[in-house]
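Letter by letter, the chains look like this.
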Amino acid sequence: MRTGDGGTPVPARPSETARFVGWLGSLGCAAAGYAVFQFLFGVLPDSLGGSAARYLISGLSGIGTGVAAWLAAALVRARAAATAGAPTSGTTTPVVVEQPAPGPLPRVLSDAYDTLLAALTVVDDPNRGLLTGWPHALGESAPTRPTSVGTAYGLHIMLDFGMPDGRVRTGDLVDTLWRLRLPTGGWSARSQGSEARPEVTALVLGALTRAGVPRDRLAQDVDRCATGFTPRLDLAGRESTHVVTTVMRGLLRAAPDHDVLPLLREALVEGAINDRGRDRLHCWGYRLESPHGLPSALHTAQAVVALDRCARVLDEPEPEEVRTAREDGVRWLLACPATLHHRCPDLRNLREEVRRPRTDDSSRHEVLNVRHFTASWVVRALMSPTAQAVVAQDGSAEAWRERLDGAAAAVWAGQTDGVWSWWSADSSELRYPMWMTYQGLSALRAHAVWMYRPGQ
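Residues numbered from 1 in each chain as written. Predicted model: local features only at pLDDT ≥ 70, side-chain atom pairs only at ≥ 80, totals over all residues. Heavy atoms only, no water.

Caption draft 1: Region of the structure containing the overall build of the protein. Helix and strand content of the protein: 17 helices and 13 strands. Evaluated residue by residue, the protein yields a buried proportion of 44% over its 456 residues. Long-range pairs, those at least 24 residues apart, make up 61% of the contacts in the protein between residues at least 6 apart in sequence. Element-wise, carbon and sulfur atoms account for 56% of the exposed surface of the protein, whose accessible area totals about 23800 Å². (Helix = DSSP H or I, 4+ residues; strand = E, 2+ residues; numbered from the N terminus. Buried < 20%, exposed > 50% of the residue type's maximum accessible area, 1.4 Å probe, protein only. Contact = heavy atoms within 4.5 Å. Areas by Shrake-Rupley, 256 points an atom, 1.4 Å probe, with all protein chains shown as cover.)

Printed below as a string of structure tokens:
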């Protein structure tokens, strides 16, 4: 037997010789013998010994031929039966199919984990105790202790990885974040000094919530973050699209029922602008107050992600203007006029400053330099449920696919061995910020899950 394309056994084809002998045997042994008898009786000469001798020779020859034909047919049948019952080379012997090698993403994730593990910092601080985590960026020239921002993003990455082994422990990272908490509550970036800032506090609260910290333990810092984030107390933060959306994402994790979330959502929608270059669709610049700045794919994507999560989490009817704004944001991203969407202007990385007056000296400012990995945000926005609804409603699947694939390709191109680098025009030194690696890994992992098609 042989196997067909689908693995189903198929009878083996007999050879030409086997078919001929089988046909000969099918005539009957007696018929074959009689044919030989008739032939010889007709051609043997009378001088051989008379009719009796001719009959004898022809008869013996016919009988011999009949017996030989029967034996040959039996032998062929026996060999065919044996062949059908036993495997032969190239027929029924199972073929060992080489398993395909894993795609490149598992290698990137593995390399990233090894790099983060090697960069894990453990410092016994005399004031805060044992700190386990990461600094703001990987590969910093001077040994530094873990920071709130670096460790929070590192915790997010480890939770995405599912903590594959015990070399990094969630509990150690959680304890470190609590030890880095400011004496008056909340958290700040390394460059912000000793005053808590809402965007960093919300980031840490979101990471602690994902790690399973009880809600009552977070309540005091949640309230401090929310009550301090007002136009009167933090005007610069409330005017920043980046800061508002960061606080919204963190509180949607840590306190999804907090009263401040609808207010922040309203402020975000009111800060949208209309772009005449793209059918007057709603989009966002870097500021929520005038001057808003130019329409920005980065800030539009951040706004879409924040509003999309609000639509899913907040337990109240969504105002029509909010739904229109977030859907317009997706349409604005899909209206990118470029032809090469893996390196179009919409995907340019951006940098901005958040300047706040210092509380100890109002004549001086605290400056927070913020860098943005634009392509990762566009990937997130285009994979949101809002984007799905818009694509289905508008029939814009082709445009959506081109822009999503382009943004994902741009994210992929930015990594080396699972780590993303930031290049600054004012310095030849490459930086490897923890937040950038988190955003890159998160975007690629989400895109891979999105594109998975079982059986294809």
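Read on, since the account is not over.
Caption draft 2: Expanded view of the pairing of strand 4 (residues 129-133). For strand 3 (residues 121-125) and strand 4, the ladder comprises 5 bridges, and the chain directions are antiparallel. Counted as the bridge partner of T121 is G133 from strand 4. Counting the residues between successive antiparallel strands, the hairpin from strand 3 to strand 4 contains 3 residues. (Pairing = 2+ DSSP bridges.)

Caption draft 3: Quick peek at the confidence of the model for the protein. Overall, the prediction assigns the protein a mean pLDDT of 84, with 76% of residues at 70 or greater. Predicted confidence is poor over residues 1-21, with pLDDT under 50, and the contacts of this stretch with residues over four places away or in other chains come to 25 contacts. Between residues 83-97, whose pLDDT stays under 50, and residues either more than four places distant or in other chains, the model counts 11 contacts. (pLDDT = per-residue confidence, 0-100.)

Caption draft 4: How the structure looks around the sheet that holds strand 5 (residues 137-138). Judged by pairing direction, the sheet is antiparallel, and its 3 strands sit side by side in the order 5-13-12 without closing on themselves. Every other strand in the sheet has two partners, leaving strand 5 and strand 12 (422-423) as the edge strands with one partner each. Pairing geometry for strand 12 and strand 13 (residues 430-433), over 2 bridges, is antiparallel. Counted as the bridge partner of W423 is L430 from strand 13. Set on the sheet, helix 17 (residues 434-451) makes contact with strand 5, strand 12 and strand 13; between it and strand 13 the angle comes to about 65°. (Axes fitted to C-alpha atoms, helices over the stretch in contact; angles between N-to-C directions.)

Caption draft 5: How the structure looks around the packing of aromatic side chains. Applying the stated criterion across every chain, the model contains 5 aromatic pairs. An angle of 80° between the planes, with centres 5.8 Å apart, marks the rings of Y113 and F161 as edge-to-face. Here Y113 is found in helix 4 (residues 104-119), whereas its partner F161 is found in helix 5 (residues 148-161), with 48 residues between them in sequence. Residue classification places Y113 among the buried positions, given a relative accessible area of 7%. A centroid spacing of 5.6 Å and a plane angle of 40° characterise the contact between Y153 and Y438, whose relative ring orientation is tilted. Of this pair, Y153 sits in helix 5 while Y438 sits in helix 17, and the two are 285 residues apart along the sequence. For Y153, a relative accessible area of 14% gives the class buried. Of note, R278 hangs over the ring of W332, and the distance from its end group to the ring centre comes to 4.0 Å. In this structure, R380 packs its charged tip against the face of W377, placed 4.5 Å from the ring centre. (Phe/Tyr/Trp six-rings, centres within 6.5 Å; stacked < 30°, edge-to-face > 60°. Lys NZ or Arg CZ within 6 Å of the ring centre and 35° of its normal.)

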